[in-house]
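Inside the fold
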Amino acid sequence: MPPDLSPTKFGSAAAWRVWIIAVVFVAYQFSIQTGYAIVNGVVQADINLNVTQIGTIAATYTWVFALCQFYSGALLDRLGARIITPASIALVTLGAFTYSRANSFEMLLLAQTILAIGSCSAFVGAGYLGGQWFGMAKFSFMFGLVQLFSSLTSAISQNTINYLLETLQWRELFSYAGFFGVALFALAVTFIRNPQPIPKQAQTGVLKFFSSVTTGLFDVAKIGHVWLASLVGAALFGTLLASGVVWAPKLLVVRGASEATAVIGSSMLWLGLAVGSAILPWWSDRIQRRKPPIVLCTLIQLTALVVIIYLPPLGSTIDLSLCFIFGVTNAAHMLCFSSAADVVKPNQIGTSASIVNGMIFITGGIMMARPGIRIDRAIEMGAAKVPLDIAQYAALPFVVVLASALVLALAMKETYPVKQAASE
């Protein structure tokens, strides 16, 4: 493995090479994660699993990822990407191969666990490398680009996997994914470096080392603004995640759209997020402000959501346009990562990003489940007989969460590091 470089010019060819590998890793792990949602039906039939086991397999990923997420950034800060990123790619690759060989419920649980541990540092790691290799003045913009490619992956990966499954068995698909991981691991080992050496940690043993990592995590967690930014970001992206993965297509169908149009609506959310992720961080840097874009975009999202939920059907074109607008403005959640990074030390940006992303992931899971619970309750109570009425009742938590996010965004302080930007 090549040594770290010191000093290294920000934005060099080496910087772009490292960053591209990190972004490809984000797309790779997300595609494998998405793959389970597509193939779980054939896996269930092939291995003879029941519905409860299928749900447990999916939940295992969520539980392990949520636990590990809070430590991923702290480990990046302590050990650097040269160690963490190749190790994470290796774990995701091992998880893919484990999937391809799985012949029991227990092996699938093991595969999910390995995947979750490896995946937890992918998105945060790409953001971390953007700040390290391009400078903190470019952190927001580079992290926005990570989200851009992640969103594009979200928009196309499920269709791609569906297409591949027409000619490949699910085991073959995961095997090929594993071979791709081997190649990506080789590239990471060859090219991933830190722009300057990471201070060597004292040889104090495994337990004391992880104790120091936990201490670093709590040091960042003591900063109130990090949690405020985390809550706003979690509310924004949690709503989009729940909408884009589960609920937006269902709502559009209730509003009169065809199944095909409803699927396009979900894609428009992700496409809008990709566009917004390229624009909003750039705009924030241009005006040297975090708070105004977050507040304005949260207000627009809340307005679009209220229109599409509570106004009478306005036609598919308008509904799809609202989905796109919602996605564009939802990119404001990326500025929450930036705002949290603004108030911590440079060697703590990975930790701050992992706290924000951890809150986003947990909130997204809750937001996915909550509408379904409310639908079941409405049906049991017999209070809502019209599908649109049920949909409006089920979607109320989305409105409440975004309204709360708007209040919290108004309470945020401005954190843009103007002096640092001026000096660079």
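For clarity, every value in this text was computed on a predicted model and none was experimentally measured.

1. Details of the overall build of the protein
Assigned secondary structure in the protein consists of 16 helices and zero strands. Intrachain contacts of the protein at a sequence separation of at least 6 include 86% that bridge at least 24 residues. Entry remark: accessible area of the protein is about 18,100 Å², with carbon and sulfur atoms responsible for 68%.

2. Overview of a nonpolar patch on the surface
A surface patch of nonpolar side chains, amounting to about 490 Å² of accessible area, comprises Phe-149, Leu-152, Leu-271, Val-275, Ile-279 and Trp-282. Mapped by element, the contributors of at least two residues to the nonpolar patch are helix 6 (139-164) and helix 10 (259-287). Residue contributions to the nonpolar patch peak at four residues, all from helix 10. Assessed through its relative accessible area of 45%, Trp-282 is described here as partly exposed.

3. Focus: the side chain of Ser-243
With respect to the helices and strands, Ser-243 occurs in helix 9 (residues 224-254). Taking relative accessible area as the criterion, Ser-243 reaches 8% and is therefore assigned buried. In this structure the side chain of Ser-243 is engaged in a polar contact, spanning 2.8 Å, whose partner is the backbone oxygen of Thr-239. The residues touching Ser-243, leaving out its near neighbours within four places in the chain, are Ala-248, Pro-249, Leu-269 and Phe-398.

4. Some details on the confidence of the model for the protein
Averaged over all residues, the pLDDT of the protein is 83; the fraction at 70 or higher stands at 86%. Confidence over residues 1-7 falls short of pLDDT 50; this stretch has 25 contacts with residues more than four positions distant or in other chains. Low pLDDT, under 50, characterises residues 420-424; the predicted model gives this stretch five contacts beyond four residues in sequence or across chains.

5. Some words on the packing of aromatic side chains
A complete count under the given rule lists nine aromatic pairs for this structure. Measuring from ring centre to ring centre gives 6.3 Å for Phe-237 and Trp-270, while their planes differ by 65°; the resulting arrangement is edge-to-face. One end of the pair, Phe-237, is in helix 9; the other, Trp-270, is in helix 10, with 33 residues separating them in the sequence. Using a relative accessible area of 6% as the deciding quantity, one classes Trp-270 as buried. Each member of the aromatic cluster is reached from another via a ring pair, and the members are Trp-16, Trp-19, Phe-134 and Phe-149.

6. Focus on unusual backbone geometry
Of note, Asn-48 is a non-glycine position whose phi angle comes to about 65°, a positive value. Summarising the element assignment, Asn-48 is placed in the loop between helix 1 (13-47) and helix 2 (51-79). The class of Asn-48 is exposed, set by a relative accessible area of 67%. With phi around 55°, Gln-288 is a residue other than glycine that occupies positive phi space. Within the secondary structure, Gln-288 sits in the loop between helix 10 and helix 11 (291-310).

7. Considering the pattern of salt bridges
Counted by the stated rule, this structure contains five salt bridges. Between Asp-342 and Arg-290 there is a salt bridge, with its nearest N and O atoms 2.8 Å apart. Of this pair, Asp-342 sits in helix 13 (residues 333-342) while Arg-290 sits in the loop between helix 10 and helix 11, placing them 52 residues apart in sequence. For the pair Asp-342 and Arg-290, one class covers both residues: buried.

8. Description of helix 7 (residues 170-191)
Given a rise of 1.5 Å per residue, 22 residues ought to cover 32 Å, and the 31 Å separating the end C-alpha atoms of helix 7 matches this to within 8%. Residues of helix 7 that are buried include every one of Trp-170, Leu-173, Phe-174, Ser-175, Ala-177, Gly-178, Gly-181, Leu-184 and Ala-188, and no others.

9. With respect to the packing of helix 10 against helix 13
At their nearest, the axes of helix 10 and helix 13 sit 9 Å apart, and the two run at 40° to each other. Put simply, helix 10 runs oblique to helix 13. In the crossing of helix 10 with helix 13, the sense of the turn from one axis to the other is right-handed. Facing helix 10, whose interface residues are Leu-273, Ser-277, Leu-280, Pro-281 and Ser-284, helix 13 presents His-333, Met-334 and Leu-335.

10. A look at the packing of helix 10 against helix 12 (residues 316-330)
The contact between helix 10 and helix 12 brings their axes to 6 Å, and the two run at 35°. You can see that helix 10 and helix 12 cross each other, and the crossing is right-handed. Judged by residue contacts, Thr-261, Ile-264, Gly-265, Met-268, Leu-269, Leu-271, Gly-272, Leu-273, Val-275, Gly-276 and Leu-280 of helix 10 engage Ser-316, Leu-320, Cys-323, Phe-324, Phe-326, Gly-327, Val-328, Thr-329 and Asn-330 from helix 12. Here the residues of the contact of helix 10 with helix 12 sort into twelve nonpolar, eight polar and no charged.

11. Points about the environment of Val-43
By the secondary structure assignment, Val-43 is in helix 1. Those residues in contact with Val-43 that lie beyond four places of it in its chain are Asn-48, Leu-49, Leu-108 and Trp-170.

12. Quick notes on the state of the cysteines
What we call a disulfide is simply a covalent bond connecting the sulfur atoms of a pair of cysteines. A full pass over the atoms with the stated rule returns zero disulfides. Considering cysteine sulfurs only, Cys-120 is the nearest to Cys-68, which forms no disulfide, with 4.9 Å between them. With a relative accessible area of 19%, Cys-68 lands in the buried category.

Procedures and definitions
- Residues numbered from 1 in each chain as written.
- Predicted model: local features only at pLDDT ≥ 70, side-chain atom pairs only at ≥ 80, totals over all residues.
- Heavy atoms only, no water.
- Helix = DSSP H or I, 4+ residues; strand = E, 2+ residues; numbered from the N terminus.
- Contact = heavy atoms within 4.5 Å.
- Areas by Shrake-Rupley, 256 points an atom, 1.4 Å probe, with all protein chains shown as cover.
- Patch = residues over 30% accessible without salt bridge, like charges linked within 9 Å, V, L, I, M, F, W, Y side chains within 5 Å.
- Salt bridge = Lys/Arg side-chain N within 4 Å of Asp/Glu carboxyl O.
- Buried < 20%, exposed > 50% of the residue type's maximum accessible area, 1.4 Å probe, protein only.
- Polar contact = N/O pair within 3.5 Å; in protein donor to acceptor, adjacent residues only side chain to side chain.
- pLDDT = per-residue confidence, 0-100.
- Phe/Tyr/Trp six-rings, centres within 6.5 Å; stacked < 30°, edge-to-face > 60°.
- Expected span 1.5 Å × (residues − 1).
- Axes fitted to C-alpha atoms, helices over the stretch in contact; angles between N-to-C directions.
- Parallel < 35°, antiparallel > 145°, perpendicular 65-115°, else oblique.
- Left-handed = near helix turned anticlockwise from the far one by under 90°.
- Nonpolar A, V, L, I, M, F, W, Y, C, P; charged D, E, K, R; others polar.
- Disulfide = S-S within 2.5 Å.

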